[in-house]
Amino acid sequence: MEKLLTTEQVADLLQLSKFTVYRMSVDQVIPAFKIGKVWRIREADLEKWIDAKVKTQTGRKRAPDMRCADATESLATDSANG
(Lines give C-alpha, C1' and ligand atoms only; values in the text may rest on other atoms or scores of the structure.)
Protein backbone atom coordinates (compact mmCIF):
# COMPACT_ATOMS: atom_id res chain seq x y z
CA MET A 1 0.00 0.00 0.00
CA GLU A 2 1.19 3.51 -0.83
CA LYS A 3 2.12 5.87 1.95
CA LEU A 4 -0.60 8.40 2.78
CA LEU A 5 0.34 11.78 4.20
CA THR A 6 -1.70 14.09 6.41
CA THR A 7 -2.10 17.78 5.64
CA GLU A 8 0.22 18.46 8.56
CA GLN A 9 2.94 16.23 7.10
CA VAL A 10 2.56 17.86 3.69
CA ALA A 11 2.70 21.29 5.32
CA ASP A 12 6.00 20.35 6.97
CA LEU A 13 7.42 18.99 3.71
CA LEU A 14 6.40 22.04 1.66
CA GLN A 15 7.13 24.52 4.45
CA LEU A 16 3.59 25.87 4.34
CA SER A 17 0.99 26.34 7.03
CA LYS A 18 -1.48 23.53 7.73
CA PHE A 19 -4.29 25.88 6.76
CA THR A 20 -2.71 26.57 3.36
CA VAL A 21 -2.39 22.85 2.62
CA TYR A 22 -5.98 22.34 3.80
CA ARG A 23 -7.22 25.07 1.42
CA MET A 24 -5.13 23.61 -1.42
CA SER A 25 -6.75 20.24 -0.71
CA VAL A 26 -10.29 21.63 -0.65
CA ASP A 27 -9.67 23.61 -3.84
CA GLN A 28 -8.04 20.55 -5.47
CA VAL A 29 -4.82 22.45 -6.12
CA ILE A 30 -2.91 19.47 -4.77
CA PRO A 31 -3.94 15.84 -5.39
CA ALA A 32 -5.77 15.18 -2.12
CA PHE A 33 -8.81 13.17 -1.12
CA LYS A 34 -10.93 12.79 1.98
CA ILE A 35 -11.24 9.74 4.18
CA GLY A 36 -14.13 10.51 6.47
CA LYS A 37 -13.49 14.03 7.74
CA VAL A 38 -9.73 14.17 7.12
CA TRP A 39 -7.70 14.92 4.01
CA ARG A 40 -4.98 12.58 2.81
CA ILE A 41 -2.39 12.91 0.06
CA ARG A 42 -0.58 9.98 -1.54
CA GLU A 43 3.15 10.52 -1.26
CA ALA A 44 3.66 9.44 -4.90
CA ASP A 45 0.94 11.85 -6.09
CA LEU A 46 2.53 14.71 -4.17
CA GLU A 47 5.93 13.96 -5.73
CA LYS A 48 4.38 13.93 -9.23
CA TRP A 49 2.59 17.21 -8.50
CA ILE A 50 5.84 18.82 -7.31
CA ASP A 51 7.71 17.54 -10.39
CA ALA A 52 5.02 18.97 -12.67
CA LYS A 53 5.15 22.34 -10.88
CA VAL A 54 8.93 22.48 -11.19
CA LYS A 55 8.80 21.61 -14.91
CA THR A 56 6.19 24.25 -15.71
CA GLN A 57 8.01 26.93 -13.75
CA THR A 58 11.51 26.21 -15.05
CA GLY A 59 10.34 25.79 -18.66
CA ARG A 60 8.46 29.08 -18.67
CA LYS A 61 10.04 32.05 -20.38
CA ARG A 62 9.62 35.37 -18.69
CA ALA A 63 7.12 37.56 -20.46
CA PRO A 64 8.24 41.09 -21.31
CA ASP A 65 7.01 43.72 -18.90
CA MET A 66 4.52 45.59 -21.04
CA ARG A 67 3.81 48.19 -18.38
CA CYS A 68 7.30 49.65 -18.79
CA ALA A 69 7.01 49.74 -22.58
CA ASP A 70 3.60 51.40 -22.38
CA ALA A 71 4.84 53.97 -19.90
CA THR A 72 7.87 54.77 -22.08
CA GLU A 73 5.68 55.16 -25.16
CA SER A 74 3.30 57.37 -23.25
CA LEU A 75 6.12 59.63 -22.06
CA ALA A 76 7.57 59.85 -25.57
CA THR A 77 4.17 60.74 -27.00
CA ASP A 78 3.50 63.35 -24.31
CA SER A 79 6.86 65.07 -24.79
CA ALA A 80 6.45 65.04 -28.58
CA ASN A 81 3.01 66.63 -28.25
CA GLY A 82 3.93 68.93 -25.48
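Quick note: structure is the one above.
An account of the accompanying structure is given in this report. (Residues numbered from 1 in each chain as written. Predicted model: local features only at pLDDT ≥ 70, side-chain atom pairs only at ≥ 80, totals over all residues. Heavy atoms only, no water.)

**Concerning the overall build of the protein chain**
When its secondary structure is counted, the protein chain shows 4 helices and 3 strands. Listing every helix and strand of the protein chain by position from the N terminus yields β-α-α-β-β-α-α. By the burial criterion, 16% of the 82 residues in the protein chain qualify as buried. Sequence-distant contacts, at least 24 apart, represent 45% of the contacts inside the protein chain between residues at least 6 apart. Here the protein chain displays about 6700 Å² of accessible surface, and carbon together with sulfur accounts for 54% of that area. (Helix = DSSP H or I, 4+ residues; strand = E, 2+ residues; numbered from the N terminus. Buried < 20%, exposed > 50% of the residue type's maximum accessible area, 1.4 Å probe, protein only. Contact = heavy atoms within 4.5 Å. Areas by Shrake-Rupley, 256 points an atom, 1.4 Å probe, with all protein chains shown as cover.)

**So, unusual backbone geometry**
Most of the time, phi is negative for any residue but glycine, and the peptide bond is trans. Its identity is not glycine, yet Gln15 carries a phi of approximately 55°, on the positive side. Among the secondary structure elements, Gln15 is positioned in the loop between helix H1 (7–14) and helix H2 (18–26). Under the relative-accessibility criterion, Gln15 is labelled exposed at 73%. In this structure, Gln28 takes a positive phi of about 60° despite not being glycine. Inspection of the secondary structure puts Gln28 in the loop between H2 and strand E2 (32–35).

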